[in-house]
Structures are given as structure tokens and as C-alpha cells.
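Observations on the three-dimensional arrangement
Below are the chains, spelled out letter by letter.
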Amino acid sequence: MKVMKRTIIYAGTLVAALMIGACELKDELKNDSTGSGSAQITGAMGYLDLGVVVDATQNSIVTGRATTVVNTVDPSNFPIEITGTDSNGKDFAKIIEKYELLVGQTVELPVGTYKVVAHSPGNLEKVMTSPYYYGAASGLSIAQNVTNTAEVTCKMKNTAIKVVYDPTFVNTFSDWTISLTDGNGMILTYTEANMNPPVQYISVEEEKITSILMNITATVAETGATISQSSSLTKPAESEIKEWVGSDQLNIQLKPTDTPSGYVTSITVNLQVQFDETVIEDEIPVEVEENTGDDTGETGGGSGTGTDTTAPTLSGDYLGGNELVYKGGEMPAVNVLMTVPGGIAHVYVKGASTNTDMQEALNGMNLTSYADLVNCTNEDLKTLFTMPEENATSYVFSLGTMSSLLAMYPGTHQFDVWVVDKNGKEAKDTLKITIK
């Protein structure tokens, strides 16, 4: 999506005439080589009528898909620096403390050629909490007894970054750490401690940075699984300038990746970039490091749905909607064979029952939310199930003792089983048992 917009705020003519004595102001604006008003230069003189303009094109910070906060900037307190060479070849420099001192006035300068710089108060830092504006006009000629009119346009010198959490992100993850770095000393860190982080302004233009690395580590609230991934944030192909520069804006929107199974395995990074007068939205590819995947390992009823032969698979008589209905007698064995070529990282189990007493029992065993059987410390679960070994390439999940317990409680009992390998690939399915 491209959005064209442009807003210019002209501040040069908006400030009322200053209540300063005319003679005192005239002395302040007379030429000198030190900026102090003490060393006067004699010779042919001319005048500069200067206006300062703030280009507000990049002042609109997009905080969400439909929310824009427009900032207006008043350059009245911007310092003005005038440097150049007079007609005799002598260097000249003058600093005017605030632009507001020039409103309605002219600056007396020796005949010559000059550069004028206007900028936000203070210095441009690597990371700032507010934008820093800078503008310059060069090659300004001053002729004897002539007033030259010039205008300096100030634009944002740093790059704005805003991180936005989709509500599903906040609801899915219990904690997270997000870092952004340019590899040259700039590091921004975001955690769950601040759900609405402010805009940060970074200075990377001088280093000619083309890529900002984004690392994310997040814990899934429901399962306790850790998702770790990285992304490289680069300018869109539509931008002629590939380096991140002043006035560029990055709006980073994060949400869990949708999968057919509903299980969270990765985080989607949507990047909205504003450069020049264009806004581009794109989904950024992520590099999965651990506990995430592309969902190609999902299986049902013992047959894989993907084409990846290295992904985990599940097989068993009562998977894929093949419900076990028990009406008495000997309870059949309920087993799930997990084949995991990439090595077992996690085996999750979660139970639910329509029988109130059974549901209460499951809750007491901490089985109503996903429990990880790998390196399990829950003694109740270790009694009920055979525990899987981390890095093993196969495992049989068996209800075992649980089967005899289920037979005592009429109703429908369900167990969700989910295996994740060391490469983040996964398989999951559901066991359903009805006791008549």
C-alpha cells in the first residue's frame, strides 16, 4: 500500500514581532566574526532576510494501522549558524541563539557567500526520545546594500521507530524481549514491562546502515514454549536509497502467526516503512531459531499433511477423529506413536472432560493447560505417563494408568497431544474417548 502525503509548516511569519528594543536588537544582528557582537567588520555590507521552514511530511507517526499522530514543530528556538567568506576572502562565522530573534528583522553581513544552518536545540544523539531537525542553505550571495531573501527547510535528521503489539500478541505471550540493533552501537530493547512503547529516534545515516537486525524471544503463555526468531529490516525495493536515513520511519507491528492448527509457532512481523512521501507495508521474512516452524509437520489420524519427510508424524488408532467409545469390559490400549527424525524437543499434553469430577481431577494434575512431558517435574504426571527423552527420535505416548481412571467417569474425555522437534517442526492431534 502506498500513501502520498505532504504537509509543510511555515513558521517564519507566524511569530509576532518581539518586544525588544529596536536599537538593542539591531546591535545583536550586526555582523561579527565571533558571534558575540564585539568584533565589527567594516567594508561593503548587505542584508539577509531569513525564513526557517519545518517540513512536517515526516512528522506523522503511524502508531497503528489506522491511527496517526501528527506533530507540529515550531522552529522559534532553533539556533542559526551562518558561515562563509567575505569579498576579501576572510572567513566569517556567526551564531544567532534563536530563530525568533530574526523574525521581522534582517541580518547585516559583509558582501560575500554564505551557508546558513538551522537545527533543533542541542546535539544529534545516537538514540533520542524526540526528533531532531536539521536544515541548511548554501551558496547564499550577499551584495552591497541589497537584501537577499533565503529560506532554510529543516527535516528530521534521525530515523523514527515505533513497535506496536497486536492485541493477540499480548494475549498469547506471557513475556518477551525484543532487540533492534544496527550492528554499530545502536541497540533498542522492548519487553512486556511496557505494552505501549514510545517512538524512538535513532541516528544511523552517517554509518550508511542498510539493515537493522530484530531479535525476538517470547514465551507462549499457554504452553510455556519459547519462540526465538530473527528478522532483517531493510528498505522496500521501491526506495531508491537503500540506506536508512533521516526522516525514514519504521512502524513494526507484531502478532502471532496464524496456523491451521491454532498452535503458536512463530511471530509475524509486519513492517510499515515511510520514506520520502511514500508509505509501504510488507510482511518481513523471519529466521526461526528454536521452537518455531512452518507447520509442515502437522498430522492428523496418523498421516502427515506436509511434504517434509523430516517433520514429526503421529500415528494411532484413535487419532484424526477416530473416537474410542467404551461400553464396558477391557479398556483398549490407547497409544500414539510419535516419530521425530529431528529429535524431540517438547511433548505437550492437555486434557478436558465433560465429566465434572474428571475435569476437577485433570485440573488437580495441571493437565487442563499444556504440560510439557520432556524433563517433567510433576510427580503426578510421571506416575501416569511414561516420560519421553529429549533428543529421542521416537516416543510412544500411552494413556496407560489414565485409561483405567477414565473408565470410572462416564462422559467424553479429550487429550490434545503435540510434539515439537529440535528444528521447531511439529505435529499435533487429538484423542477422544467416550465412556458410556
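This structure is a prediction, so every number in the text was calculated from the model and none was measured.

1. Thoughts on the overall build of the protein chain
- For the protein chain, the count of helices and strands is five helices and 31 strands.
- Across the 436 residues of the protein chain, 47% fall into the buried class.
- Once local pairs closer than 6 in sequence are excluded, the contacts in the protein chain between residues at least 24 apart make up 66%.
- Carbon and sulfur atoms form 48% of the exposed surface of the protein chain, whose accessible area is close to 20,300 Å².

2. Things to note about the pairing of strand β31 (residues 426-435)
- For β31, the buried fraction is high: eight of the 10 residues fall into the buried class.
- Judged from the 10 bridges that link them, strand β30 (residues 411-421) and β31 form a sheet pairing that is antiparallel. From the neighbouring strand, D416 faces β31, where its bridge partner is T430.
- Linking two consecutive strands that pair antiparallel, namely β30 and β31, is a turn of four residues; a positive phi of about 85° is found at G424 within it.

3. What to know about the sheet that holds strand β24 (residues 313-315)
- As summarised here, the arrangement of the three strands in space is β24-β26-β29, forming an open sheet in which the pairing is antiparallel. Each end of this open sheet is capped by a strand with a single partner; those strands are β24 and β29 (394-398). Within this sheet the neighbouring strands show an average axis-to-axis angle of 20°, counted without direction.
- Of the pairings in the sheet, the one linking β24 to strand β26 (residues 335-339) comprises three bridges and is antiparallel in character. Directly across from L314, in β26, lies its bridge partner M338.

4. Here's the deal with the packing of aromatic side chains
- By the definition in use, this model includes nine aromatic pairs.
- With 5.6 Å between their ring centres and 80° between their planes, F92 and Y114 make a pair best called edge-to-face. In this pair, F92 sits in strand β6 (residues 91-96) while Y114 sits in strand β8 (residues 112-119), placing the two residues 22 residues apart along the sequence. Accessibility assignment for this pair places F92 and Y114 in one class, buried.
- Here the aromatic cluster, defined as three or more aromatic residues joined through ring pairs, consists of Y165, F169, F173 and W176.
- Lying over the aromatic face of Y134, K157 brings its terminal NZ or CZ to 5.1 Å of the ring centre.

5. Observations concerning the pattern of salt bridges
- As enumerated under the stated definition, the model contains nine salt bridges in all.
- Across the pair E100 and K98 runs a salt bridge, and its minimum N-O distance is 4.0 Å.
- Accessibility expressed as a relative area gives 24% for E100, which makes it partly exposed.
- Taking relative accessible area as the criterion, K98 reaches 32% and is therefore assigned partly exposed.
- Here K382 makes a salt bridge to E379, at a shortest N to O gap of 3.7 Å. Remark: E379 and K382 occur in helix α4 (residues 379-384); sequence separation between them is three residues, near one turn of the helix.
- On the basis of relative accessible area, K382 is assigned to the partly exposed category, the value being 38%.
- Residue E379 is classed as exposed on the basis of its relative accessible area, which comes to 52%.
- Connected via shared salt-bridge partners are K126, D182 and E207.

6. Digging into the sheet that holds β30
- Strand order across the open sheet formed by five strands is β25-β31-β30-β27-β28, with mixed pairing between neighbours. What marks the edges here is a single partner per strand, and that holds for β25 (324-326) and β28 (371-372).
- Two elements, β25 and β31, share three bridges in a ladder whose sense is parallel. Within the sheet, the bridge partner assigned to L324 lies in β31 and is I433.
- Taken strand by strand, helix α3 (residues 356-364) contacts β27 (344-353) and β30, and its axis lies near 150° from that of β27.

7. As for α3
- At the N-terminal boundary of α3, the capping side chain belongs to N355, with an oxygen 3.0 Å from the backbone nitrogen of D357.
- Positive phi shows up at N366, right after α3, with a value of about 60°.

8. Description of unusual backbone geometry
- Located in the positive-phi region is N145, a residue other than glycine, with phi close to 60°.
- Structurally, N145 is set in the loop between β10 (133-142) and β11 (147-156).
- A positive phi angle is found at N375, which is not glycine, with a value near 55°.
- Locating N375 in the fold gives a position in the loop between β28 and α4.

9. Things to note about the nonpolar core
- Formed by 38 residues in total, the largest nonpolar core has its most connected members in I161, F173, L180, I212, M214, I252 and L254.
- Contributing elements (two or more residues each) for this core: β12 (159-165), β13 (173-181), β14 (187-191), β16 (211-220), β17 (226-234), β18 (249-256), β19 (267-275) and β30.
- Once residues lying within four places of it in the same chain are set aside, the contact partners of F173 are A218, T219, V220, A221, I227, P256, V264 and I267.

10. Side note on the confidence of the model for the protein chain
- Averaged over all residues, the pLDDT of the protein chain is 80; the fraction at 70 or higher stands at 79%.
- Highest mean pLDDT in the protein chain belongs to β8 (96); lowest belongs to strand β1 (residues 8-10) (32).
- Across residues 1-28, confidence stays below pLDDT 50; counting only partners more than four residues off in sequence or on other chains, it has 51 contacts.
- When the criterion is pLDDT under 50, residues 60-70 qualifies, and its contacts beyond four places in sequence or with other chains add up to 30 contacts.

Definitions and limits used
- Residues numbered from 1 in each chain as written.
- Predicted model: local features only at pLDDT ≥ 70, side-chain atom pairs only at ≥ 80, totals over all residues.
- Heavy atoms only, no water.
- Helix = DSSP H or I, 4+ residues; strand = E, 2+ residues; numbered from the N terminus.
- Buried < 20%, exposed > 50% of the residue type's maximum accessible area, 1.4 Å probe, protein only.
- Contact = heavy atoms within 4.5 Å.
- Areas by Shrake-Rupley, 256 points an atom, 1.4 Å probe, with all protein chains shown as cover.
- Pairing = 2+ DSSP bridges.
- Axes fitted to C-alpha atoms, helices over the stretch in contact; angles between N-to-C directions.
- Phe/Tyr/Trp six-rings, centres within 6.5 Å; stacked < 30°, edge-to-face > 60°.
- Lys NZ or Arg CZ within 6 Å of the ring centre and 35° of its normal.
- Salt bridge = Lys/Arg side-chain N within 4 Å of Asp/Glu carboxyl O.
- Polar contact = N/O pair within 3.5 Å; in protein donor to acceptor, adjacent residues only side chain to side chain.
- Core = buried A, V, L, I, M, F, W, Y, C linked by side-chain atoms within 4.5 Å.
- pLDDT = per-residue confidence, 0-100.

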